[in-house]
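Take a look at the letters that make up each chain.
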Amino acid sequence: MTMLQFYPIDVTYKVLAGRAVVHIYGRTVENKQICIIDDAFEPYFYVIPENGASASDLMTLLENYKNGEEGKENKVTSVKQVVKTLNGRDEDAIQVFVNLPRAVPGMRHEISKMEGVKSVLEYDIFFTRRYLVDRKIVPLILTDVETEPIENPKRSRVPCFKAKSITQNSNDSLDELNILAFDIETYNPEGRLSLPEKHPIIMLSLYGKNFKKVITWKRFNADLDYIEFVDGEAELIERFKEIVNEISPDLLVGYYSDGFDLPYIIKRGEKYKIKIDIGLDYDKAVLPRGNAKSIDTTGIVHVDILNFIKRVISRRLKTDSMKLNAVAGELLGEVKDDVDIEGLAEAWDTLSPELKNYAKYNLQDSKLTYDLCEKVLPNLIELVKLIGQTIKDTNRMSYSQLVEWYIIRRADEFNQFIPNRPHHKELEKRMSERVKGAFVYEPKPGLYEGVVVFDFRSLYPTIIVSHNISIETLNCDCCKEKEKVPLDTKQLWFCSKKEGFFSTVLKEIITRRMRVKEIMKKSDEKKRVFLDARQESLKTLSNSFYGYLGFFAARWYSKDCARSVTAYGRHYIHRVIDGAKKKGFDVLYSDTDSVFMHLNDKTEKDALNFCDEINAKLPGMMELEYEGTYPRALFVAVKESGVGAKKKYALIDQKGQLVIKGFETVRRNVSPIAKATQEKVLRIVLQDNNPKKAFEFVRDVVTRLKEKRVGTEDLTIPTRLTRSIDSYESIGPHVAAAKRLKERGVEIYPGMIVRYVVTSNGQKIRDKVRLPEEVRKGEYDSDYYINNQVLPAVEKILEVFNYSSDDISKGKKQSKLGQYF
DNA sequence: GATTGGCGGGG
DNA sequence: GTGTACGCCAATC
């Protein structure tokens, strides 16, 4: 028997000789890939006996239970009596061990209908995930194993060891993973998406540390040292497999490769009877079945990095497009090569010298994918270590799943059963339940000087912790006479004696984050990247706890807990608003956790003192924070009502930076001239405090539009087609533009962005539409751009200063505006 | 205005 | 594989 240390990377299980055997792939401390095999873990679930039913009778019955055909039998192997808590109530239960994971779904329905059975619990916890939780193993953390080597292991590309014991006793983790990125180019003469039934893969690129390669199967003149020519598509696929297994990276990374690249390679492989058996266990990668979306390769983990970016990273990105170009542009400051991808098929057919540029383009896509993966990997790794599930799974988890799997891992420590997921009827009920949300104080439209902003630090998480909000502390018997949740509709309270499971777990996450932030201050640059990713993961996780409580599919769902959180939120924000008014500040605006106060004749110091007074009375972890002082703030009206618009305001800070919220400056289907005018007007108003100048600027834009001095590029409106043009009932401008494109022989497909200019040819908008390349400079409908683009973008801003749209277009002013002229 | 349906990413 | 996305926008009633 020898001791071995390794870092787990991937976990799977195989059925060997009628037993489920867990296989953990990873790297040793010497950086060798290995597989640890553990055959001592058994699948199980729980049965709760009916009240009053005899648990021992039921145990005897279950002990000998079996079903299924011979050879495919589902059998109970043993039973054990346990007591655990389910949503605050202690339950006597029977833990039922079975022969195979598939026996659990195979028998749980029948068992749940047996006499004396109240319910069945934990029947849908995936075997390998359960293994990690029960064995307290966290992927990527240094693991000690007592092993015996296995001679001549079957179906393994790496040495295998049988585990006698497996434990983690260290915080040391594997933070540098070997990445190989890949990308394919396909042949598609019809000029839209390729069909794997018809169109071959013509290029495939791979990019790793000190490795770059483009494989293609037509020879052309290309003076590129990374090109490798092979004889055909089948050879291309074989070569791809060879390289992946030669390099044997930890991660095989693509961009939308769950949805495009890997399924495409698999389907083209089928045509030549080539299996994509690149995993360390030789299992062939298969297309997702049913509703599945992921493609798994064992040991060499397939990571579609788009998943992670979309789910976790996108929150902090400005772009709303998840295209590789947009994401790489923002995260890396680097973009895709600029080639006309529509011309690839023709270049391929004619063996054009352009193919060299397509090869470069192909490699560049893999490089961007590699760099993106490297960039977000610290975040993914920290999340893996926090949640305790594999890279493969964590990469594809939504926030609610991340919270849920974190809680599941902690449940056993607190002796908690994992509640069942809601079924159809319950889901329907939950979906119809609405929780009253946050309080919004509507602003009075206007330009204000001297504005201080305060907000509650992590409002909802700190409420949950400070008020001990948790399913099992809700309306306890012991605290009936204590403080109630500030709600008119219902009497709710939370235990003040016993700490709740949900709130305790959340509290630990918050304190851990504070500790990490402290350590960060004393760390060097390299460490700080990981620590920053860690505190970021802890933050996103803690911010998701409230949402999880009210998420309809959550195991730990509680509408009463969720509504208590928002009720306390409204309560505390009102406390700030009322207190500020009493002190003589004008409250301008408030939304959920923030308050905008007008200083009036008071100073910033007065405001800070006020903040201190509020903080002195807040419970537990709750804290009101000073966000900043702004020399000017602008609030605009919504429609005709004169009421201030919510979530739409603009500020200028003391350094002259604009903070613009809710204005349409970034919306897609607006012309550049309208966007730019809006931004400029906000800057003039906030920076120069000169509405007249803003007004005149707009009037000048209007004049330039009238005099046809605006260039076509500033007038081009981009809009996305959402379906095929024939299926549109009404011909909107973008549909008319699409039709013109089609007439010119351009393939039209749903999802494409059409760009058009509105001219004065005809009556209806659809007749006025032209493609940018069809119009000469000055050929456009001034009235349309003035009345439908520019004016709506600035109207609400200028209205604050009593300018109306008529004033601008006519160049006149109303008499009451004398003060500005 | 509320509800429903389909899309995103990829060549 | 002890299962299987989800949040948003646009179209439509």
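Further up the page is the structure itself.
Residues numbered from 1 in each chain as written. Chains lettered and ligands numbered in written order. Predicted model: local features only at pLDDT ≥ 70, side-chain atom pairs only at ≥ 80, totals over all residues. Heavy atoms only, no water.

Undergrad: Teacher, can you tell me more about the packing of helix α20 (residues 691-706) against helix α23 (residues 782-799) here?
TA: Helices that pack against each other are described as a pair by the angle of their axes relative to one another and the distance between those axes. Here α20 crosses α23 at 170 degrees, and the two axes come no closer than 10 Å. If you check the angle between α20 and α23, you find them roughly antiparallel. Only Ser782, Tyr785, Ile786, Val790, Leu791, Val794 and Leu798 of α23 make contact with α20, whose side of the interface consists of Ala694, Phe695, Val698, Val701, Val702, Leu705 and Lys706. (Axes fitted to C-alpha atoms, helices over the stretch in contact; angles between N-to-C directions. Helix = DSSP H or I, 4+ residues; strand = E, 2+ residues; numbered from the N terminus. Parallel < 35°, antiparallel > 145°, perpendicular 65-115°, else oblique. Contact = heavy atoms within 4.5 Å.)

Undergrad: Can you walk me through the nonpolar core in this structure?
TA: One recurring pattern in soluble globular proteins is that nonpolar side chains are buried together. Ranked by size, the top nonpolar core spans 122 residues in total, and within it Leu251, Ile309 and Phe545 carry the most contacts. Looking at this core, the element that brings in the most residues is helix α9 (residues 355-387), giving 16 residues. Sequence-distant contacts of isoleucine 309, that is, excluding residues within four places in its chain, are made with Tyr255, Ser314, Leu317, Met322, Val327, Leu372 and Val376. (Core = buried A, V, L, I, M, F, W, Y, C linked by side-chain atoms within 4.5 Å. Buried < 20%, exposed > 50% of the residue type's maximum accessible area, 1.4 Å probe, protein only.)

Undergrad: Which parts of the structure should I look at to understand the pattern of salt bridges?
TA: A pair can form between side chains of opposite charge whenever their charged atoms are brought close. One pass over the full model with this rule turns up 53 salt bridges. Here glutamate 91 and arginine 89 are joined by a salt bridge, their closest N and O atoms 3.5 Å apart. On the basis of relative accessibility, which here comes to 9%, the residue glutamate 91 falls in the buried class. With a closest N to O distance of 3.3 Å, glutamate 382 and lysine 385 form a salt bridge. (Salt bridge = Lys/Arg side-chain N within 4 Å of Asp/Glu carboxyl O.)

Undergrad: Help me understand the sheet that holds strand β23 (residues 658-661), please; the structure alone is not making it clear to me.
TA: By definition, the strands of a sheet pair up through backbone hydrogen bonds, in either a parallel or an antiparallel sense. With respect to topology, 7 strands assemble into an open sheet ordered β17-β19-β20-β18-β21-β22-β23, the strand pairing being antiparallel. At either margin of the open sheet sits one strand with a lone partner, and together these are β17 (440-441) and β23. Pairing analysis gives 10 bridges linking strand β18 (residues 446-456) to strand β21 (residues 624-637), with the strands arranged antiparallel. Looking across to β21, one finds that glutamate 449 is bridged to arginine 632. (Pairing = 2+ DSSP bridges.)

Nothing here speaks to function; it is all geometry.
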